[in-house]
Amino acid sequence: MPATEKTVRRSALVASAVLLSTALTAPAALAAPRPTPSATPPAHTSVVGGERLAKPGTQVNLAPGTPVLPKELSARSWIVADAESGDVLAAHNAHWRLAPASTLKMLFADTLLPKWPGTTTHRVEPSDLADVGAGSSMVGVKEGETYTVHDLWLGVFLRSGNDAVHVLSAMNGGVDRTVEEMNEHAEELQALDTHAVSPDGYDAPGQVSSAYDLTLIARSGLQKKDFREYASTVRAQFPGETKKNKKGKRVRGSFEIQNTNRLLSGDYDVPVYQGIAGVKNGNTTHAGATFTGVAERDGKVLLVTVMNPQKKESNEVYKETARLFDWGFAAAGKVQPVGELVPPKSVEEANAAAGPSASPGQAGGGTGAGAKPVASAHTGGGADGMGVALGIAGGVVVLLAGGVFLVNRRWPLPDLVRRRSRP
């Protein structure tokens with residue numbers, strides 16, 4: 001499809017989605033609460049990414065030679081997408097607004113990661129942890145102790161620590177400001193199904209997202225080297241509490257934390273998935289189990305999001321995700337897409353401003369297919385050697401907010417993850 005035609009189509013889709021979003025939150029409805037998850041998928045949802053994705057039920061083009069979808073799928077919503085091209089290979093209730101649980105931490109991380117180098121330190125005050133919800137997942141942050149930002153992000157990604165989220169929120173000016181910035185960032189990403197109320201994904205009235213939006217958010221986060229490396233870290237050491245030893249000297253040890261993403265770390269009934277590279281899982285009473293994962297096989301990178309499987313077997317969200325990954329890798333190149341993952345709003349605007357001379361994903365007009373790619377901006381942090389980024393080759397990029405957004409091209413996944421085989 002010519003670049004101009006695709007840009008016009010995307011712009012029309014986004015305009016429709018904005019109108020839909022405005023209607024849902026218009027002044028006439030100011031007294032009403034924010035959207036809450038419905039018991040059944042709505043008949044009409046957002047058209048961001050294409051009209052097929054607005055329809056309830058399963059959307060897939062099973063042409064001759066395309067493998068059939070897995071039979072044992074019980075999730076209320078799911079999506080399979082090519083992480084690099086943005087093609088949506090198949091989806092089920094893609095825009096159904098559901099409680100996201102801790103998968104919302106992807107939006108939190110994508111919003112806040114660029115703010116501090118990983119070496120920045122913070123001494124935890126009692127007020128930092130005052131609003132952590134009862135029964136929250138915790139990494140073990142202690143009042144009065146000092147942590148690096150690197151430590152705190154490991155706590156967020158590996159242990160889904162709400163205590164670490166609240167400390168980082170306090171560093172950012174508080175929970176309210178952080179949530180406001182998260183919602184602004186969601187709008188920039190065109191994740192219009194998403195409304196954050198808490199920065200950690202803890203159940204809250206009106207806090208919703210969708211399989212489509214979580215996939216968009218993950219794709220944005222994966223543009224960042226430190227996001228990729230934190231998300232792919234299997235285990236790490238986390239600072240403990242300062243105590244006196246037998247000699248009366250105050251010492252501070254550490255303890256091991258492991259990633260709760262079972263496709264990455266494995267479990268008794270779930271093997272490590274070959275090529276898995278993150279990203280985030282969640283589970284609450286209201287949301288059920290949720291998960292967004294990214295994996296690479298034979299040079300193809302896929303994103304899968306699964307929300308709230310109704311089959312209540314152990315680790316069901318990971319089992320259904322693995323089946324969808326297997327299908328996606330088998331179907332890639334054979335199945336006709338049913339939609340697309342749209343780029344951020346500012347990228348759309350840059351493409352529109354560039355006019356007919358710009359190639360897809362290229363800002364400012366044509367230097368041609370042989371243009372030298374811009375290197376990915378390093379935003380601090382990293383995973384302390386847990387993954388080594390590969391070199392970037394080929395394609396074009398769009399400058400975005402001091403960094404880059406990769407459109408229709410590859411980003412490097414951690415080498416350690418790419419070479420990890422199923423046990």
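Residues numbered from 1 in each chain as written. Predicted model: local features only at pLDDT ≥ 70, side-chain atom pairs only at ≥ 80, totals over all residues. Heavy atoms only, no water.

An unreviewed UniProt entry annotates the protein chain as D-alanyl-D-alanine carboxypeptidase originating from Streptomyces griseorubens.

Undergrad: Explain unusual backbone geometry to me, using residue names and the numbers behind them.
TA: Residue Val279 is reached from Gly278 by a cis peptide bond, and omega for that bond is 10°. For Val279, the position within the fold is in strand β8 (residues 276-284). If you check the backbone angles, Gln190 has positive phi at about 65° while not being a glycine. Along the chain, Gln190 falls in the loop between α5 (175-188) and α6 (211-221). Accessibility expressed as a relative area gives 2% for Gln190, which makes it buried. A positive phi angle, close to 50°, is found at Asp298, a residue other than glycine. (Helix = DSSP H or I, 4+ residues; strand = E, 2+ residues; numbered from the N terminus. Buried < 20%, exposed > 50% of the residue type's maximum accessible area, 1.4 Å probe, protein only.)

Undergrad: Mind laying out a negative patch on the surface, listing which residues take part and the relevant values?
TA: A cluster of acidic residues, Asp131, Asp176, Glu180 and Glu184, forms a negative patch on the protein surface. Tracing the backbone through its elements, the reader meets Glu180 in helix α5. (Patch = residues over 30% accessible without salt bridge, like charges linked within 9 Å, V, L, I, M, F, W, Y side chains within 5 Å. Areas by Shrake-Rupley, 256 points an atom, 1.4 Å probe, with all protein chains shown as cover. Salt bridge = Lys/Arg side-chain N within 4 Å of Asp/Glu carboxyl O. Lys, Arg positive; Asp, Glu negative; His and termini not counted. Charge placed at Lys NZ, Arg CZ, Asp CG, Glu CD.)

Undergrad: Can you explain the pairing of β8? Please cite residues and give values.
TA: Extensive coverage of β8 is indicated by the burial of eight of its nine residues. Pairing between β8 and strand β9 (residues 288-297): seven bridges, direction antiparallel. Bridged to Val279 within β9 is Gly293. What sits between β8 and β9 in their antiparallel hairpin is a turn of three residues. (Pairing = 2+ DSSP bridges.)

Undergrad: Lay out the pattern of salt bridges in plain terms, naming residues and giving numbers.
TA: Inspection of every chain in the model, using the stated rule, returns 18 salt bridges. Between Glu181 and Lys115 there is a salt bridge, and its shortest N-O distance comes to 2.6 Å. Here Lys115 lies in the loop between α2 (105-112) and β4 (121-123) and Glu181 lies in helix α5, a separation of 66 residues in the sequence. Because the salt bridges share partners, they merge into one network encompassing Glu72, Asp269, Lys311, Glu313, Glu316, Lys319 and Arg323.

Undergrad: Account for the packing of aromatic side chains, naming residues and giving values.
TA: Per the counting criterion, the structure on display carries nine aromatic pairs. Here the aromatic rings of Phe108 and Trp153 are separated by 5.4 Å at their centres, their planes lie at 50°, and the arrangement is tilted. A residue pair is termed long-range when its members are at least 10 positions apart, and Phe108 in helix α2 and Trp153 in helix α3 (residues 149-159) qualify at 45 residues. The exposure class assigned to Trp153 is buried, which follows from its relative accessible area of 1%. (Phe/Tyr/Trp six-rings, centres within 6.5 Å; stacked < 30°, edge-to-face > 60°.)

Undergrad: So what's going on with the environment of Ser314? Residues and values would help.
TA: In this structure, Ser314 sits in the loop between β10 (300-309) and α9 (316-331). Remark: the alpha-carbon pair of Ser314 and Tyr268, spanning 46 residues in sequence, is separated by 9.9 Å. When residues no more than four places from it in sequence are discounted, the contact partners of Ser314 are Tyr268, Asp269 and Lys319. Within the structure, the side chain of Ser314 is placed 3.1 Å from the side chain of Tyr268, a separation counted as a polar contact. (Contact = heavy atoms within 4.5 Å. Polar contact = N/O pair within 3.5 Å; in protein donor to acceptor, adjacent residues only side chain to side chain.)

Undergrad: Please provide a residue-by-residue account of the nonpolar core, values included.
TA: By size, the foremost hydrophobic cluster in this structure holds 65 residues, and its most contacted members are Val141, Trp153, Phe157, Leu168 and Tyr212. At seven residues, α3 tops the list of elements feeding residues into this core. Val80, Leu263, Tyr273 and Ile276 belong to the second largest nonpolar core, which has 29 residues in total. (Core = buried A, V, L, I, M, F, W, Y, C linked by side-chain atoms within 4.5 Å.)

Undergrad: Can you break down the packing of α3 against helix α4 (residues 162-171) residue by residue, with the values?
TA: What describes two packed helices is the angle between their axes and the distance between those same axes. At their nearest, the axes of α3 and α4 sit 8 Å apart, and the two run at 135° to each other. Judged by the angle between their axes, α3 and α4 are oblique. In the crossing of α3 with α4, the sense of the turn from one axis to the other is left-handed. For the pair formed by α3 and α4, the contact residues are Val149, Leu152, Trp153, Gly155 and Val156 on the first element and Ala164, Val165, Val167, Leu168 and Met171 on the second. Taken together, the residues that form the contact of α3 with α4 break down as nine nonpolar, one polar and no charged. (Axes fitted to C-alpha atoms, helices over the stretch in contact; angles between N-to-C directions. Parallel < 35°, antiparallel > 145°, perpendicular 65-115°, else oblique. Left-handed = near helix turned anticlockwise from the far one by under 90°. Nonpolar A, V, L, I, M, F, W, Y, C, P; charged D, E, K, R; others polar.)

Undergrad: Requested: an account of the pairing of strand β2 (residues 75-82), with residues and values cited.
TA: For β2, the buried fraction is high: eight of the eight residues fall into the buried class. Note: β2 against strand β3 (residues 87-92), four bridges, orientation antiparallel. Residue pairing in the sheet places Ala81 in a bridge with Val88 of β3. Hairpin connection between β2 and β3: a loop of four residues separates the two successive antiparallel strands, and Gly86 in this loop has a positive phi of roughly 90°.

Undergrad: Please set out α4 residue by residue, giving values where relevant.
TA: Within α4, nine of the 10 residues are buried, which leaves it mostly tucked inside the rest of the structure. What α4 keeps buried is the set Asn162, Asp163, Ala164, Val165, His166, Val167, Leu168, Ser169 and Met171. Looking at the buried residues of α4, the elements they touch are α2, β4, α3 and α5. Positive phi shows up at Gly173, right after α4, with a value of about 105°.

Undergrad: Please provide a residue-by-residue account of the side chain of Gln207, values included.
TA: Take Gln207: it is sitting in the loop between α5 and α6. A relative accessible area of 3% means that Gln207 is categorised as buried. Dropping the residues within four chain positions of it, Gln207 is found in contact with Leu98, Ala99, Pro100, Leu104, His195, Ala196, Val197, Ser198, Gly201 and Tyr202.

Undergrad: I'd like to hear about the environment of Ala134, residue by residue, with values.
TA: Within the secondary structure, Ala134 sits in the loop between β4 and β5 (146-148). Taking relative accessible area as the criterion, Ala134 reaches 67% and is therefore assigned exposed. Sequence spacing of Ala134 and Tyr202 is 68 residues, and the spatial spacing of their C-alpha atoms is 9.5 Å.

Undergrad: Tell me what's going on with the environment of Pro41, and back it up with residues and numbers.
TA: Turning to its location among the elements, Pro41 is positioned in the loop between α1 (3-24) and β1 (58-59). When the C-alpha atoms of Pro41 and His92 are compared, they prove to be 10.0 Å apart, with 51 residues separating the residues in sequence. What Pro41 contacts, discounting residues up to four positions off in sequence, is Pro56, Asn93 and Trp96.

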